[in-house]
Amino acid sequence: METGFIRLMMVMLSHSLCLMYEVMSGYLRGFGISLPPALLTMLGVCGVRIAWIQGVFPQSRTFKTIMTAYPISLSTTALLVLIVLLYYHPSWRIESARA
């Protein structure tokens with residue numbers, strides 16, 4: 001039960017971060033900017049989790065350490081996609097083109 005509770009808490013609490021980067025990625029894709037969010041999602045979700053398992057997990061071999069990769073990777077991905085969103089800011093480009 002303890003293992004299930006740890007998993008439930010880590011995955012469910014970090015799910016809002018997943019929703020954030022998915023919405024931002026969808027916003028960018030709607031403006032035709034699809035490659036940066038796709039690459040950052042792969043880097044943020046997969047890359048951070050692999051790095052976490054390779055770097056952090058050997059020092060603390062617990063289930064909680066593995067599950068901590070979820071909020072770390074999802075928050076990193078959300079931050080990276082937010083930076084790209086602020087860099088491109090596609091809605092401002094459309095507004096300035098209309099003026």
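Heads up: the structure comes first, above all this text.
Residues numbered from 1 in each chain as written. Predicted model: local features only at pLDDT ≥ 70, side-chain atom pairs only at ≥ 80, totals over all residues. Heavy atoms only, no water.

**Q** I'd like a description of the packing of aromatic side chains, backed by residues and values.
**A** If you walk through the whole model with that rule in mind, you get 2 aromatic pairs. On the numbers, 5.1 Å between centres and 70 degrees between planes, the contact of Tyr27 with Phe31 is edge-to-face. On the accessibility criterion, Tyr27 (31% relative accessible area) is partly exposed. For Phe31, a relative accessible area of 34% corresponds to the partly exposed category. When the centroid spacing of 5.1 Å and the interplanar angle of 85 degrees are considered together, the rings of Tyr87 and Tyr88 count as edge-to-face. (Phe/Tyr/Trp six-rings, centres within 6.5 Å; stacked < 30°, edge-to-face > 60°. Buried < 20%, exposed > 50% of the residue type's maximum accessible area, 1.4 Å probe, protein only.)

**Q** Can you break down the environment of Cys46 residue by residue, with the values?
**A** Mapped onto the fold, Cys46 is located in helix 2 (residues 35-55). Considering only alpha carbons, one finds Cys46 and Leu74, 28 residues apart in sequence, at a separation of 9.8 Å. (Helix = DSSP H or I, 4+ residues; strand = E, 2+ residues; numbered from the N terminus.)

**Q** Residue-level account of helix 1 (residues 2-30), with values.
**A** Between the first and last C-alpha of helix 1 there are 42 Å, a value that for 29 residues agrees with the 42 Å anticipated at 1.5 Å per step. Approximately 35 degrees is the largest bend angle found in helix 1, and it occurs at His15. (Expected span 1.5 Å × (residues − 1). Bend = angle between axes of the 7 residues up to and from the residue.)

**Q** Summarise unusual backbone geometry; cite the residues concerned and give the values.
**A** Notably, His89 is not glycine yet its phi reads approximately 35 degrees, a positive angle. Along the chain, His89 falls in the loop between helix 4 (69-88) and helix 5 (90-98).

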